[in-house]
Amino acid sequence: MLDNASQASAPSRIRFVAHPCSGGDCTQGSASAYPVVRMDQTPAGTDFPHQSVTFPEGLALDCGRVLPSVTVAYRTYGALNADKSNAILICHALTGDQYVAEPNPETGRPGWWERVVGPGRAVDTEKYFVICANVLGGCMGSTGPRSAHGERPGALWGTDFPVITIHDMVRVQKRLVEHLGISRLFAVIGGSMGGMQVLSWAVQFPEMVFAAVPIAAACYHSAQNIAFHEIGRQAIFADPCFRNGNYWAEGVRPERGLAVARMTAHITYVSEEALTRKFGRKLQNAEGLAAFGEQFAVESYLQYQGSSFVQRFDANSYLTITRATDLFDLAGDHGGALADAFRAAKSRFLLVSFSSDWLFPTAQSRAMARALNHAAANVSFVEVQSDKGHDAFLLDEPDFHATLRGFLTGCAEHAGLT
Amino acid sequence: MSGEKKIRVDLALIAGMVQPGSRVLDVGCAQGQLIEHLTKAKNCDARGIEIDMEEVQRAIAHGLPVMQGDADTELVTYPDAAFDYVILSRTLQAVEQPREVLRQMLRISTHAIVSFPNFGHWSLRLQLLTRGRMPMTAGWNRMWYETPNIHPCTIKDFFALCDMDGSVVEDWLAADEQGLRTPWRRSPRLANLFGEQGLFLLRKA
């Protein structure tokens, strides 16, 4: 989940110092100089009782390994109609969760897409039955690196958690959907990595998806995308508290590394224009020059993004999920021909991009739209004008919301939903 | 979306050429009025392409399947014979490569329906003859240096192009600016003089 712009005003008291783990002691909270903001007392991904279902029969993964048992944490909103035809699955982005339209009980933060999902919203919970699940590999209740090791009793997976793919995530979601008694989803909607899941749904299970809405998405992760992720992963590895992924056992967390990963990623979520508009070259304090620390407002903003992130996210999950998005390549799965990937697709598509998104630029959505045309699929495509960058899909973008609402209404007519 | 609505007269003429239940692509569909009509009144599977992002947004928000794109570059992305009709309404004169666009239309569709403002209309001829300046009329109302209509042609020119490219004119008519049928439809010469718009139904030979 990307943090929204309104939180930018808070950060002035948060700072990192140069060597948070000095003396080798990086136990949470003990190094007083380490992010002055105290980390949440509950480490991310603890035993909070999230609503979930467990499939003990396990799951065969793309990598060839088998997860002996799979738990999916999920939330639903609205009511499923009698013929179970009004279900919409929302797929969350890289660091999102299942709490799409209500506060996350673990973090207290508002639902990440309350602007879009809820009563009277574009995805109207008075009309549709909305499902959102924490992805496989996540840290909000679904099976992930923090779960019990499938092969070594008593241990947690940690970095031994298998490599997973976007397709694996979707296979787990399919189990959940079937578990809920739904044989066809009216729509699958998601932004960013959520959009990748939407594409995977449309390609893997075309009969189960009436309408597909990948937003600010792409059909593969570009070299630049992978490069930014790799910086984040290296920052985590370089944190002395990482302990080869065994940090839980030693009562520490690689907060510094994870925060830097988040800071780097966050830059890719916003546009240069938005950063300039919000911060420009504004100085944080006027007390002369400082070599380090928060000289510029944009620095403390980023540090806030980093430090608030580590309170709610697990480093091993971050490693697992970033890798899953890096591996996504829809055309690559089909001999390089994207149109072939879409050949079996039966859904009505709506592709939305945002003009200032440089992480998943419009050109990527257009390429998908063309490939869908080539496969003679029913596709709508629009670029929404916004200066908010990739984050725009989460923010207040009335044009985008109106477009989504209209598309769903049109599809509902075609699907015979009243 | 509301039920069947009255549509613009020129669009009604086009809709009259489309068989019910067809697969239709409307190129330059604006807000999708024709798509909506064909979907609701003729049970067609109708979609659109529109270059103007705001129009696209309005169309999608109205529940219509439209993608943003340019006729010059998007038609090549469709497979052969994907549609029964591809419609190009009052757009031919504004594309970069009209001949190539027509070729693509007849590749991806069995039929092409094309309408365009007729540059051979008597009032345009007269203005050019008497004033020696580019004509300005209700249909041709932008100065030459800012008009998007970069490839004006006459009804006679269009017949000649169809002939040259071997496209079969299955039906045609001339209409006035509002799209009302004009009575000289069986005389290309008179149509070229008195018709403000030409409307053609083509198929590949």
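Residues numbered from 1 in each chain as written. Chains lettered and ligands numbered in written order. Predicted model: local features only at pLDDT ≥ 70, side-chain atom pairs only at ≥ 80, totals over all residues.

Enquirer: Pulling in residues and values, what's your account of the overall build of chain A?
Expert: Within chain A one finds ten helices and twelve strands. Across the 418 residues of chain A, 54% fall into the buried class. By sequence separation, contacts in chain A at least 24 residues apart represent 70% of the contacts at least 6 residues apart. (Helix = DSSP H or I, 4+ residues; strand = E, 2+ residues; numbered from the N terminus. Buried ≥ 20, exposed ≤ 12 C-beta atoms within 10 Å, placed from the backbone. Contact = placed C-beta atoms within 7 Å.)

Enquirer: Could you give me a rundown of the pairing of strand 10 (residues 209–215) of chain A, with the residues and numbers involved?
Expert: Residue and element names in this part refer to chain A. With seven of seven residues buried, strand 10 lies mostly within the body of the structure. Pairing between strand 9 (residues 185–191) and strand 10: six bridges, direction parallel. By the bridge assignment for strand 10, Ile 189 is matched with Val 213. With respect to chirality, the unit in which strand 9 leads through helix 2 (residues 193–204) into the neighbouring parallel strand 10 is right-handed. Two strands pair when backbone bridges link them, and strand 10 and strand 11 (residues 348–354) are joined in this way by three bridges, in the parallel orientation. Pairing of Ala 211 across the sheet is with Arg 348, part of strand 11. (Pairing = 2+ DSSP bridges. Right-handed = clockwise from strand over helix to strand, strands pointing away.)

Enquirer: Residues and numbers for the interface of chain A and chain B, please.
Expert: Taken together, the contacts link 22 residues of chain A with 18 residues of chain B. Elements with a contribution of two residues or more to the side of chain A that touches chain B: strand 11, helix 9 (362–374), strand 12 (378–384) and helix 10 (398–415) of chain A. A total of nine residues in the side of chain A that touches chain B trace back to one element, the largest contributor, which is helix 10 of chain A. Tallied by class, the residues present in the side of chain A that touches chain B amount to eight nonpolar, eight polar and six charged. (Nonpolar A, V, L, I, M, F, W, Y, C, P; charged D, E, K, R; others polar.)

Enquirer: Describe the domain arrangement of chain A, naming the residues involved and giving the relevant values.
Expert: Residues and elements named next belong to chain A. The domain boundaries assigned to chain A delineate domain 1 (34–46 + 230–324) and domain 2 (52–223 + 332–415). One C-alpha centre belongs to domain 1, the other to domain 2; they are set 26 Å apart. Taken together, the 22 residues of domain 1 in the interface contact 27 residues of domain 2. The leading source of residues in the side of domain 1 that touches domain 2 is helix 7 (residues 315–327), at seven residues. Of the residues that constitute the side of domain 1 that touches domain 2, the class distribution is eight nonpolar, ten polar and four charged. (Domains from an automatic or database assignment.)

Enquirer: An account of the nonpolar core is needed here, citing residue identities and associated values.
Expert: Counting 174 residues, the largest nonpolar core has Ile 88, Ile 90, Val 130, Leu 185, Ala 187 and Val 188 of chain A together with Val 86 of chain B as its most contacted members. Built from parts of two domains, this core gets at least three residues from each of domain 1 (34–46 + 230–324) and domain 2 (52–223 + 332–415) of chain A. Here Val 188 of chain A is in contact with Leu 89, Cys 91, Val 198, Trp 201, Val 209 and Ala 212 of chain A, once residues within four sequence places are set aside. (Core = buried A, V, L, I, M, F, W, Y, C linked by C-beta atoms within 7 Å.)

Enquirer: Pulling in residues and values, what's your account of helix 3 (residues 53–61) of chain B?
Expert: Of the residues making up helix 3 of chain B, those classed as buried are Val 56, Gln 57, Arg 58, Ala 59, Ile 60 and Ala 61 of chain B. Lining the buried residues of helix 3 of chain B we find strand 11, strand 12 and helix 10 of chain A together with strand 2 (45–50) and strand 3 (66–68) of chain B. Downstream of helix 3 of chain B by a residue or two, Gly 63 of chain B has a phi angle that is positive, lying close to 90°.

Enquirer: Could you give an account of the packing of helix 10 of chain A against helix 3 of chain B, with specific residues and numbers?
Expert: Angle between the axes and distance between the axes are the two parameters that describe a pair of packed helices. Direction vectors running N to C along helix 10 of chain A and helix 3 of chain B enclose 40°, while the axes themselves pass 7 Å from each other. The orientation of helix 10 of chain A with respect to helix 3 of chain B, classified from their angle, is oblique. From helix 10 of chain A, Asp 399, Ala 402, Thr 403, Arg 405, Gly 406 and Phe 407 of chain A reach across to helix 3 of chain B, where they touch Gln 57, Ile 60 and Ala 61 of chain B. Taken together, the residues that form the contact of helix 10 of chain A with helix 3 of chain B break down as four nonpolar, three polar and two charged. (Axes fitted to C-alpha atoms, helices over the stretch in contact; angles between N-to-C directions. Parallel < 35°, antiparallel > 145°, perpendicular 65-115°, else oblique.)

Enquirer: Explain the pairing of strand 12 of chain A to me, using residue names and the numbers behind them.
Expert: All names here are of chain A. Across the seven residues that make up strand 12, a large majority, six, are buried. As paired strands, strand 11 and strand 12 are joined by seven bridges and run parallel to one another. When the sheet's bridge partners are listed, Phe 354 is paired in strand 12 with Val 384. Regarding the hand of the β-α-β motif, the stretch spanning strand 11, helix 9 and strand 12 is right-handed.

Enquirer: So what about the packing of helix 3 (residues 223–238) of chain A against helix 4 (residues 255–269) of chain A? Which residues, and what values?
Expert: Residue and element names in this part refer to chain A. The interhelical angle for the contact between helix 3 and helix 4, taken along N-to-C directions, is 165°, at an axis separation of 7 Å. Here helix 4 runs roughly antiparallel to helix 3, going by the angle between their axes. With respect to the hand of their crossing, helix 3 and helix 4 are arranged in right-handed fashion. Contacts between helix 3 and helix 4 involve Phe 228, Ile 231, Gly 232, Arg 233, Ala 235, Ile 236 and Ala 238 on the former and, on the latter, Gly 257, Leu 258, Val 260, Ala 261, Thr 264, Ala 265 and Thr 268. Classifying every residue of the contact of helix 3 with helix 4 by side-chain character gives nine nonpolar, four polar and one charged. (Left-handed = near helix turned anticlockwise from the far one by under 90°.)

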